[in-house]
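Here's the letter readout for the chains.
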Amino acid sequence: MLNQMKKSLIYITLFLIASTSFGQKQSNIWYFGNNAGVDFNTVSPSALLNGQTNSLEGTAVIADSSGSLLFYSDGVTVWNKNHQVMLNGTNLLGNPSSTQSSIVIPEPSNPNRYYYLLTVNSGFDGGNIGDGLRYSKIDICLDNSKGGIISNEKNIKIVDTVAEKITVTRHSNGIDYWILTHKFYSNEFWAVRLSSSGFVETVISAIGSTHTGDIAGSQGQLKFSGNGEKIAIAASNGLDLLEIFDFNKSTGVVSNFQPLSRINNGSVYGVEFSQNGSKLYAVSSSFSPFGMTVSQYDLNAGSLTAINSSLCSIYNEPAIIARRGLQIGTDGKIYMISLSNDYYLATINNTNAIGVGCDFQDQSISLSGKKGNYTLPSFIAGFDYSNSLTTCNAANVFENKSSEDLTIYPNPFSNQTILESDFLLINATLIIEDCFGKTVKRIGNIFGETISLKRDGLSSGFYFIHLIQDNKVIATKKIIIAD
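A short tour of the structure in this document, coming up. (Residues numbered from 1 in each chain as written. Predicted model: local features only at pLDDT ≥ 70, side-chain atom pairs only at ≥ 80, totals over all residues. Heavy atoms only, no water.)

**Some points on the packing of aromatic side chains**
Considering all chains together, one arrives at 18 aromatic pairs under this definition. Look at Tyr-135 and Phe-199: their rings are 5.0 Å apart centre to centre, the planes differ by 40°, and that puts the pair in the tilted class. Residue Tyr-135 is found in strand E9 (residues 133-139), and its partner Phe-199 is found in strand E15 (residues 198-211); the two are separated by 64 residues along the sequence. Geometrically, the ring pair formed by Trp-178 and Phe-247 is edge-to-face, given 6.2 Å between the ring centres and 80° between the ring planes. Remark: Phe-247 occurs in strand E18 (residues 241-247) and Trp-178 occurs in strand E13 (residues 177-182); sequence separation between them is 69 residues. Under the relative-accessibility criterion, Phe-247 is labelled buried at 5%. Taken together through their ring pairs, the aromatic side chains of Trp-30, Phe-40, Tyr-335, Phe-379 and Phe-383 make up a single cluster. Its guanidinium or amino end placed over the ring of Tyr-114, Lys-137 lies 4.9 Å from that ring's centre, counting from NZ or CZ. Over the ring of Trp-190 we find Lys-183, and its NZ or CZ is 5.4 Å from the ring centre. (Phe/Tyr/Trp six-rings, centres within 6.5 Å; stacked < 30°, edge-to-face > 60°. Helix = DSSP H or I, 4+ residues; strand = E, 2+ residues; numbered from the N terminus. Buried < 20%, exposed > 50% of the residue type's maximum accessible area, 1.4 Å probe, protein only. Lys NZ or Arg CZ within 6 Å of the ring centre and 35° of its normal.)

Next up, the structure:
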C-alpha cells in the first residue's frame, strides 16, 4: 500500500514567493582580501585566519548545510576545504582584480555534488574583459572528496566581453537560476538561465546607459535584491553611474530603467539592497569634496523624483578615496571593508531603517591582523539555494540523499502531514528550522520510511526540514505552511 501511494505522489519543490531567507549556513564562511576571512557560524561573526586568497577584489565561497567550508576562489584559483589548491583548480579566466570575479551555483539536478563556478575577468593586472563570462564545473567527489574541476568543463565561455559584474537569483520556478551580467561597449543586460539541463536560455535586454569608454568603467557591483525582483548596477572610474531596474524572474527581462542621483556626483563602486528590499545602499568617492560616502535611497518613497530626494549620507570618511563593495550577510546585516581601517569590517546593522537609524559602524568586526581590500565574496541573492552534507565512498561515488528522495503529502504543510522517504531511516532525527535557522521542531528515534508531522503552533511561512542519520544531514527540503 505504501509503495502504491508513493508512485501516485507528485514530487513538488516548494519555493518562497514574497519573502527572503537569511538563514542559510551555506553562505556562513567568507574568504577575501589578503588571507582575511569571517565565520558567521559563531554567535557573533569572528575572524578566520586560514584563508589563502590574495585578492584585491571579488571572491566566491560555498559551504554545506552545516556551515562547513567546501571551497572558495578568487576567480583564478580554487582552494578546497583543506585550503589546498583544488584538483585542476588553477588558471581560471577570472581575475582577483575583478569587482565580482566569481560566484558559485549548485547544479539544480544534483546540488550536493556538482557546482558551477562562474568567473568574469578584468581589464587590469593582466586581465582581459574580452574573456567574458565563463563557467567551470566542480565535482565535489573528485580527489578523495576534496573536489576538483572536471577537465572538459573548465573555462567554458557563456558571454564574451562583459563588465566586471555578475549576480545570480532564482528563477520563478524555484529550481532554475538566472545569471545576470552586463556587456561592455553596450547597454545590454544578458540573463542566462541555468536549469537541470545546463544553460538553456539567454535573454538580452537593451536598456539603461551604454557601458563604454575606458575599461576602468567596467568596475562596480551589480546586485539583485533578495527576492530577485530589483537590480542595482554601479559603474565607477569615469563612467560614474548608478541605476536601478525591475527584473522578471519568469522571463529574464530587465525593465523600468531609473537613473539615481549621487552625492557630489560621486563615482559609485559598491551597491546592496536592504534585507526587505526597501532601501538601497551605495558607496561612492568624490574629489570635490574629497572623500568617501555611504549613501541610502528609500525605494518605497514613490516616484523616481521621490527616490532621488530620499538620498542621504549615512557615513562619510573625508580625505580617503578607495573602492568599497557591499555584501549582505546571512544575518541580514550589510558588510564592507572599513573605510578607515582595512583590518576591520564595517557593518550596517538595521538595513531596513531610514537614514542614520540604519546604525552604520565603521570598525565593527576585527579581522585579527588580516587585511581586507576592496570588496567581499559574492553569493546568490537571498541565499536561496541549498546543498546538504556530501559523502562519497572510496570509489568517489556520491552517496548523499537529496530533497527529491523526500515526499511531503499534502503540500503545503498542514496539520495532517506525512513525510515519506525513498530510503530506510534507522534511528534518524528530523529537525525543522525557520527561515532564520532557528530550530522550531525536533523528532528523534525515527525508524522506517514514514514520519507523521503535525503543524501544531507553527505560523505560516517557509521552513527547512533536515533529516539526520549517523550524525550527518542526509537530506534537506524546503517546505511552506499556508493558512
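Once you've had a look at it, read on.
**Topic: empty space enclosed by the protein**
Under the criterion given, the structure shown has three cavities of 30 Å³ or more. Space inside the largest cavity adds up to approximately 160 Å³. If you go around the largest cavity, you meet 20 residues; those closest to its centre are Phe-224, Glu-272, Gln-327, Ile-328 and Ala-381. It is strand E16 (residues 222-224) that provides the largest number of residues to the lining of the largest cavity, a total of three residues. Its residues placed into classes, the lining of the largest cavity shows ten nonpolar, eight polar and two charged. (1 Å grid on protein atoms, 1.4 Å probe; cavity = no way out; pocket = protein on both sides within 12 Å on 5 of 7 lines; lining within 4 Å. Points joined across faces, edges and corners; volume = space filled by probe spheres on them. Nonpolar A, V, L, I, M, F, W, Y, C, P; charged D, E, K, R; others polar.)

**Description of the pattern of salt bridges**
Under the counting rule described, the total for this entry stands at eleven salt bridges. Measuring nitrogen to oxygen at the nearest pair gives 2.8 Å for the salt bridge that ties Arg-113 to Asp-139. On the criterion of sequence distance, the pair formed by Arg-113 in the loop between strand E7 (102-106) and strand E8 (114-120) and Asp-139 in strand E9 is long-range, its members being 26 residues apart. Both residues of the pair, Arg-113 and Asp-139, belong to the buried class. Here Asp-246 ties to Lys-230 by a salt bridge, and the two come within 2.7 Å at their closest N and O atoms. Linking Asp-246 in strand E18 with Lys-230 in strand E17 (residues 230-235), this pair joins segments that are 16 residues apart in sequence. Each of Asp-176, Arg-193 and Glu-201 takes part in a single network of salt bridges with overlapping partners. (Salt bridge = Lys/Arg side-chain N within 4 Å of Asp/Glu carboxyl O.)

**Brief notes about the side chain of Glu-57**
Mapped onto the elements, Glu-57 comes out in the loop between strand E3 (46-47) and strand E4 (60-63). For Glu-57, a relative accessible area of 0% gives the class buried. Polar side-chain contacts of Glu-57 include one of 3.4 Å to the side chain of Arg-323. (Polar contact = N/O pair within 3.5 Å; in protein donor to acceptor, adjacent residues only side chain to side chain.)

**Looking at the pairing of E13**
Counting buried residues in E13 gives six out of six residues, a clear majority hidden from the surface. Burial along E13 is two-sided: Tyr-177, Ile-179 and Thr-181 and Trp-178, Leu-180 and His-182, pointing in opposite directions, are all buried. Direction of pairing for strand E12 (residues 167-170) relative to E13: antiparallel, over a ladder of four bridges. Counterpart to Thr-169 in the pairing with E13 is Trp-178. Between E12 and E13, which pair antiparallel one after the other, the connecting turn spans six residues, and Gly-174 there sits at a positive phi close to 75°. Sheet topology places E13 next to strand E14 (residues 186-195); six bridges connect them, and they run antiparallel. Among the inter-strand pairings, Trp-178 is bridged to a residue of E14, identified as Arg-193. With antiparallel pairing between neighbouring strands as the criterion, E13 and E14 make up a hairpin whose turn holds three residues, including Tyr-185 at a positive phi of roughly 60°. (Pairing = 2+ DSSP bridges.)

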